[in-house]
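A structural walkthrough
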Amino acid sequence: MLNFEFYNPTKIVFGRDTIAKLNGLIPHDARVLILYGGASAQKTGTLDEVKAALGKREIHEFAGIEPNPSYETLMQAVEQVRAQKIDFLLAVGGGSVIDGTKFVAAAANFEGEAWDIAVKRGANITSALPFGSVLTLPATGSEMNNGGVVTRKSIQAKLAFHSPLVFPQFSILDPTKTFTLPPRQIANGVVDAFVHTIEQYLTYPVQGQVQDRFAEGLLLSLIETGPKVLAEPDDYDARANLMWVATLALNGLIGAGVPQDWATHMLGHELTAQYDIDHARTLAIVLPSLLSVRRNSKRAKLLQYAERVWQITEGSEDARIDLAIQRTRDFFESLGIKTRLADYELGQDAVETVLGQLDKHGMTALGEHQDHTLAVSRTILEAAL
């Protein structure tokens, strides 16, 4: 097992009717800015519930944070924070709103061009406003980690950033808040959590038995729960399990002490930035082809994945690997998520565009061995056509 340091200060408040606990989680004299996305927070009553829980605190609102939050929108929030002397942020929504809130928290006190936060991957963050979240869409794990992704539309760039200063102080996870989500968003959440787990698991063995078994348990839970959350939207237990799995998939725990990949995400980010495809759907496009192309460097873990997750024990090594990858693709497709570039009306031109963006953003030595070159990315993308 590799050396590691694990730190996660986020308090999780999980279960029904937990939004009322906001009153005890935020200072009573705080000037609070509630950040959210579209009208769903209002229509479902969640926004009113949050406001009621905040009591007599001074409350302001910022609406309109998009899926794949844009730098342009977030800088409007930064301006509001500064003008109204906000000292506490509260994200109400899914991973995009929480990611966006992290950027706002870091940018509010940042001197200079705030886009540099993304360009330098968060290494230049020296302070951030305190914030918490009320999660309404299980998917990204942003509610319990120190990372975010922001898109700058003007240059079609989507970049990730990390800093220990942008952990949420707390996150409220009430599974009932997911009951009204459209099936598309729920399916996206299942795939997002699945690929987050895979990126930290399907690399090479380092005798991280705890991490491996933990990751395999999360994958098995998603395979079992995914169809249930789509078939029975009001099944509290299914929604609760999805919400907790998505959080655990990217809170740092299963990635501690083991190698990580993240190449699927880097290619997926470029597809989203260029063609506005849902993040999870870009992951579903890339992952099966990546696993096939990278099978030699991932062979031991792919065989372990085949046996422990898909119960595939017969046939040659390559046959077992092929079947495990096909089962993965079939799982995504069973959730209504297409796994080929052609399904999104993209062809060879898109391959060339994505490769150009990867080169532009320095994504030329990816993967757990840092040997995933642009040539490898080309092979993967062409296999995904």
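To be clear, the structure that these remarks concern was listed above.
Below is a summary of the structure that appears in this document.

Parameters at a glance
- Residues numbered from 1 in each chain as written.
- Predicted model: local features only at pLDDT ≥ 70, side-chain atom pairs only at ≥ 80, totals over all residues.
- Heavy atoms only, no water.
- Helix = DSSP H or I, 4+ residues; strand = E, 2+ residues; numbered from the N terminus.
- Rg over C-alpha atoms; globule rule 2.2 N^0.38 Å.
- Buried < 20%, exposed > 50% of the residue type's maximum accessible area, 1.4 Å probe, protein only.
- Contact = heavy atoms within 4.5 Å.
- Areas by Shrake-Rupley, 256 points an atom, 1.4 Å probe, with all protein chains shown as cover.
- Lys, Arg positive; Asp, Glu negative; His and termini not counted.
- Charge placed at Lys NZ, Arg CZ, Asp CG, Glu CD.
- Axes fitted to C-alpha atoms, helices over the stretch in contact; angles between N-to-C directions.
- Parallel < 35°, antiparallel > 145°, perpendicular 65-115°, else oblique.
- Polar contact = N/O pair within 3.5 Å; in protein donor to acceptor, adjacent residues only side chain to side chain.
- Phe/Tyr/Trp six-rings, centres within 6.5 Å; stacked < 30°, edge-to-face > 60°.
- Lys NZ or Arg CZ within 6 Å of the ring centre and 35° of its normal.

Now for the overall build of the protein. Scanning the protein for helices and strands turns up 14 helices and eight strands. Over its C-alpha atoms the protein spans a radius of gyration of 20 Å, differing by no more than 12% from the 21 Å that the globule rule assigns to 385 residues. For the protein, the residues scored as buried account for 59% of the 385 residues in total. Taking all contacts inside the protein whose residues are at least 6 apart in sequence as the whole, residues at least 24 apart take part in 78%. Within the structure as shown, the protein displays about 15300 Å² of accessible surface, and the carbon and sulfur contribution to it stands at 50%. If the 35 positive side-chain charges of the protein are averaged to one point and the 45 negative ones to another, these points end up 2 Å apart.

One way to put it is that helix 6 (residues 183-201) packs onto helix 11 (residues 299-308) with a least axis distance of 11 Å and a crossing angle of 135°. If you check the angle between helix 6 and helix 11, you find them oblique. Packed against helix 6, whose contacting residues are Phe-194, Ile-198 and Tyr-201, the element helix 11 presents Lys-301, Gln-304 and Tyr-305 at the interface.

Another point: the side chain of Glu-368. By the element assignment, Glu-368 lies in the loop between helix 13 (348-360) and helix 14 (374-383). Here Lys-298 takes part through its side chain, which lies 3.0 Å from a polar atom of the side chain of Glu-368. Setting aside chain neighbours within four positions, we find Glu-368 in contact with Leu-202, Thr-203, Tyr-204, Pro-259, Gln-260, Asp-261 and Lys-298.

Right, let's talk about the packing of aromatic side chains for a bit. The geometry of an aromatic ring pair is captured by two quantities: the separation of the ring centres and the angle between the planes. Tallying each qualifying case throughout the model produces eleven aromatic pairs. Centre to centre, the rings of Tyr-71 and Phe-103 are 6.0 Å apart; their planes meet at 80°, and the pair counts as edge-to-face. One end of the pair, Tyr-71, is in helix 3 (residues 71-83); the other, Phe-103, is in helix 4 (residues 95-107), and 32 residues separate them in sequence. Look at Tyr-71 and you get buried, because its relative accessible area is 7%. For Phe-103, a relative accessible area of 0% puts it in the buried group. Seen from their ring centres, Tyr-71 and Trp-115 are 5.5 Å apart, and the 70° between their planes marks the pair as edge-to-face. Of this pair, Tyr-71 sits in helix 3 while Trp-115 sits in helix 5 (residues 115-119), and the two are 44 residues apart along the sequence. Here Tyr-71 and Trp-115 have matching classes, each one buried. Here the aromatic residues Tyr-71, Phe-103, Trp-115 and Phe-161 are joined through ring pairs into a cluster of three or more. Over the aromatic face of Tyr-236 sits the side chain of Arg-16, whose NZ or CZ is 4.0 Å from the ring centroid.

What follows covers unusual backbone geometry. Here Lys-85, not a glycine, exhibits a phi torsion of approximately 50°, which is positive. The phi dihedral of Trp-262 is positive, around 75°, even though this residue is not glycine. Considering the arrangement of structural elements, one finds Trp-262 in the loop between helix 8 (236-248) and helix 9 (263-275).

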